[in-house]
Structure formats: structure tokens, C-alpha cells
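Coordinate analysis (summary)
One-letter residues, chain by chain:
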Amino acid sequence: AYKFWSTQPVPKFGENTLDKERIEEGPIKADQTVDKVSREPPPLVAGFEWCTVELEKPEELKEVQELLYGHYVEDDEAMFRFNYSISILKWAMMPPGWKKDWHVGVRATQSRKLVGFISAIPLQLRIHDKVINASEVNFLCIHKKLRSKRLAPVLIKEVTRRCNLEGVWQAIYTGGIVLPTPVSTCRYYHRAVDWQKLWEVGFSPLPAGSKPQYQVRKYALPDKTAIKGLREMQEKDIDAVHSLLTRYLKRYELVADFTKEDITHWLVHAKKVDQLDEQVVWSYVVEDEHKNITDFISFYCLDSSVIGSETKHKNVRAAYLFYYATEAGLNDTKPEEKVDRDGLKKRLNELMADALVLSRKYKFDVFNALSLMDNGLFLEEQKFGPGDGQLHYYLFNYRANAIAGGVDKRNRL
Ligand code: YNC
Ligand code: MG
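These remarks concern the structure in this document. (Residues numbered from 1 in each chain as written. Chains lettered and ligands numbered in written order. Predicted model: local features only at pLDDT ≥ 70, side-chain atom pairs only at ≥ 80, totals over all residues. Heavy atoms only, no water.)

1. Section: the nonpolar core
Formally: Put simply, buried Ala, Val, Leu, Ile, Met, Phe, Trp, Tyr and Cys residues joined by side-chain atoms within 4.5 Å make one nonpolar core. Working definition: with a 1.4 Å probe on protein chains only, accessible area under 20% of the residue-type maximum means buried, over 50% means exposed, and in between means partly exposed. Secondary structure elements are defined from DSSP: runs of H or I of at least 4 residues count as helices, runs of E of at least 2 residues count as strands, and each element is numbered from the N terminus. The contact criterion used is simple: two residues touch if any of their non-hydrogen atoms lie within 4.5 Å.
Ranked by internal contacts, the top residues of the largest apolar core, which has 104 residues, are Val 64, Phe 139, Tyr 248, Phe 296, Phe 299, Met 352 and Phe 367. Top contributing element to this core by residue count: strand E12 (residues 315–326), with nine residues. Contacts of Phe 139, omitting those with residues within four sequence positions, involve Leu 68, Tyr 72, Tyr 84, Leu 89, Ala 92, Met 93, Phe 117, Ile 118 and Ser 119.

Put into C-alpha cells, the structure is as follows:
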């Protein structure tokens, strides 16, 4: 088993478990140099060739979108498939510092058809007390007709080579499947916004003894948000949000280390560049009477198509909880210390309740969140329920102590 992964610089199963003594953290394969990296991509099977997909060209971006639309991640029962929009792909793959060479495609030589893809973006990753210059690998996809031919390892090796050429030796990636070896594992949680539709597409079951109208009532949301001073985030809020988020994330063990440019891209800019297309990200701040930003919350839009839909719905519009932060969760003088758990819990519930109201206003069908950050403090109260899906977090060429992901275990509160 794991014929490919057993050859890669990743920890063996059992090396970094939560219950063991802490291990020393650092690269698995150290002291690599760019001059030793191959200048040639690994060979591909006859009939196929490598390409760099130029996402700035609308027609090439569209090719990636179409490959993913037909062949990307599905749930276990093959009822739904992620349906990434053009706008979200631009947002996800072209953040500050993005590199064209890290958008790797495989084409059929004769037809020129794009049949495989993998991407990486640069990021500064903090794991415990160390910051590493890393990449985040995503959108690995192979056309359904080319599955199980060991093409995935070749794509992974090629994106590795292209990262190495830029002096990047570590990566983070996530997946629904178990590989050696997760650094953390989270569960997906879902909160119905339009229960009736979720039931009609087969996403939400009708619990025994309930009736549709009871479920609709259970998930009903108010028309208006409740927090005083809540408003859309604007460019003028970037410094304040950057400071608040940086301080808030200090308590966590594995986080992206964002610059102000990153904040602009991930929370505001995406909206601006794509105002002609669809909006990707929704970000809100709370401004108090002294004009201070005390809280913020954000979510992004990622549709799923309903596979083989004989139903009237072709698409499920899902909001995914993104970054948030609140002064209520901070102890600035001693960032490592416990915070006021009850105050934090109360505030996060208020923020999430308003995010749900906004998601309904913007016509989302469901709100998704993972069992990470402080989400355990509000998921149940906001009527999120656990889904079937798990999300495993992996580090490439880095040995680290496992991080408890579950909402029940992880909080150091
Ligand atoms: C996967 N998701 O285990 P072994 S997530 C990593 N991530 O190798 P074949 C995967 N490895 O077990 P197929 C993987 N899925 O023998 C499979 N593998 O060691 C491994 N699905 O290859 C698998 N997208 O080509 C096995 O399999 C080997 O034809 C088998 O292709 C797989 O983006 C796939 O779920 C996933 O399109 C491409 O099934 C295909 O089945 C597909 O025979 C639907 O491959 C879409 C889908 C995956 C979404 C994602 C993150 C990818 C991370 C890749 C690892 C990056 C490492 C870091 C590199 C940079 C380093 C630096 C610096
Ligand atoms: Mg294959």
C-alpha cells in the first residue's frame, strides 16, 4: 500500500500521534539546493504532454473550470461535485506572489484537450513556533477516463519540482482521503439555510417523526442582522483587520502568516476584481462608537453541482466559513494564556448568527464550517450538524507534532 507515498518525504503512520511524546519538528529531507533540482519534467505516458496553464487568459481559465466541473471532488455517494466558478478559481490560484509555473496542466497531444491539472500557491506557514516559506497544493484533478493509471504521482512530482525550482521545499495540502500522515483532521459541519431545497436535492434527510414544515421552521432565520455596528468590510479596514486577525491567530498551532496584501486579496480585493463576475467572498466588520474595529467575520461562495439531477435543482449554493476574529477572544498582554471563554463564546455566537442572516440574504442554501479554530464554541448552538466528510491536513517534507482537530479536543481554553 502507498507505493508512491512511501517514497515521499512524509511521516510514517504513527510517527506523530497525539498521545506520544513530542517530537522535534523540522524538514524531513533537509539541505536541498536549487542547483540540484532537475531542469526537466518527469516523462509522461505517450500521447500526453506537460503545459503551464495561463490563468490570465480567459480561455485557459475556462478549460480548468470545465475540467474541474466534470471531474473534481465528489461526495462518497456521488450525489454532488464541487463546482468552482471562474471567479473563485482566480481568487484561489492568483493571490499575491502567485507563480504562473505553478499552474501545471497535462494535455492530450493530438486533441490539445486539458486532461490533468495541479496547482500551488506560495504562503508563509507558521507551525507552532516556526514560520516556513511553503506552498499550498490544490486542485489536483485527472479526467475520469484516465484514472488509476498512476498519473497522479507524476503530477505531484512535477508540481514538487516546480516548487523546488523556486527554493520552496515544504507544502501544505488537504484531502478527504487518508494518506501518510495527517498533521490534523477536521470534520465538516453543515447548517441548512434553505432546508426545503436541501431536502429536495437529497442533501438533508427528513428526520424520523418530523415534517418538512417543522424542519423549515427549525432553520428559519431573521431578515436583519443584530450586532450594532456590523457593516461590510472596506479597504480602509485592512490595517485594523490585519492587526486583529494576527493577534487572534496567535493561539493556534498551524496558521497562514498573512501580510496586509494577503488580507486585501483574501478578504476585499476578490470582490473588487470580480465585480463584473460573481462575488467570491463576503467580509464584515464590527465598528464600535470610537471607530475601532472590534470583530470581523467572512465567508466565501463555493457551489456544488447536483449530479445527474432529475430534480429541479442543478446547483447547491454553499457558503464556507472563512476567517474571523474578535477582541473578545484576545488576551493581548499574554497571548498564550486562557481567554474569557464565556465572553468569547457569546460573541462568536452573535457573529455567526449574523453571518447566517447575511448568507440567507445573499441566497445561499447551506452554510459549511470545519471543526477548527474556535468553531466548537458555536456550531451546535447555531444548528450546524456534523456531515460525513472529513478533511485531513498534510505537510510535505516537514515533521510536526499532530494537532488535535476536533471541536471538543482542541481548544486550549
Ligand atoms: C490525493 N487527493 O494514494 P499511493 S485534494 C494525494 N492527494 O498513491 P492514480 C493522492 N495523493 O497510495 P487517480 C490523492 N488521491 O499508491 C490519490 N492519491 O502511494 C495517490 N479525483 O494515482 C494515491 N482531487 O493516478 C496513490 O490515481 C496514487 O487516477 C494513485 O488520480 C487521483 O487537490 C486523483 O479528489 C485524485 O481527479 C487525481 O482521483 C483523481 O485516481 C481525481 O492512479 C477527483 O495517487 C478530484 C480529487 C484531489 C483533491 C488536492 C490536494 C492534492 C495534494 C497532492 C499532494 C501534494 C504534495 C506536495 C507537493 C509540493 C511539494 C513542495 C514543495
Ligand atoms: Mg491516473
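Back to the text.
2. What about empty space enclosed by the protein?
Empty space among the atoms becomes visible once a probe the size of a water molecule is rolled across them. Spelled out, the test is: Cavity: a set of points on a 1 Å grid over the protein atoms alone where a 1.4 Å probe fits but cannot get out. Pocket: an open set with protein on both sides within 12 Å along at least five of seven lines, its lining residues, like those of a cavity, having an atom within 4 Å of a point. Grid points are joined across faces, edges and corners, and a volume is the space filled by probe spheres set on the points. In the scheme used here, Gly and all other residues not listed as nonpolar or charged are polar, with Ala, Val, Leu, Ile, Met, Phe, Trp, Tyr, Cys and Pro taken as nonpolar and Asp, Glu, Lys and Arg as charged.
Within this structure, the stated rule accounts for two cavities of 30 Å³ or more. Reported here for the second largest cavity is a volume of approximately 40 Å³. Lining the second largest cavity, in full, are Pro 11, Asn 16, Thr 181, Val 183, Leu 395, Tyr 398, Arg 399 and Ala 400. Here the residues of the lining of the second largest cavity are counted per class, giving five nonpolar, two polar and one charged.

3. Observations regarding the site of ligand 1
Applicable threshold: Any residue with a non-hydrogen atom lying within 4 Å of a molecule or strand is treated as near it. Here, Shrake-Rupley sampling with a 1.4 Å probe gives the accessible areas, and only protein chains in the shown set may cover a residue.
Near ligand 1, the surroundings consist of 34 residues, among which Trp 5, Leu 140, Ser 148, Arg 150 and Ala 152 are the closest. When isolated, ligand 1 has an accessible area of 1200 Å², and the protein chains bury 88% of it. If you tally residues by element for the shell around ligand 1, the top one is helix H3 (residues 151–164), at eight residues. A per-class count over the shell around ligand 1 returns 23 nonpolar, seven polar and four charged.

4. Concerning the pairing of strand E4 (residues 114–127)
For the record, the criterion: When DSSP finds two or more bridges between two strands, those strands count as paired.
For E4, the tally of buried residues reaches 12 of 14 residues, placing the bulk of the element in the interior. Of the strand pairs in this sheet, strand E3 (residues 103–108) and E4 are connected by five bridges, and their pairing is antiparallel. Bridging from a neighbouring strand, Gly 105 pairs with Phe 117 of E4. Here E3 hands over to E4 after five residues, with Arg 112 in that stretch at a positive phi of 70°. Pairing of E4 with strand E5 (residues 130–142), which is carried by 11 bridges, proceeds in the antiparallel orientation. When the bridges of E5 are listed, Arg 126 appears paired with Val 131. With antiparallel pairing between neighbouring strands as the criterion, E4 and E5 make up a hairpin whose turn holds two residues, including His 128 at a positive phi of roughly 50°.

Interpretation note: all reported values are geometric properties and have no functional meaning in isolation.
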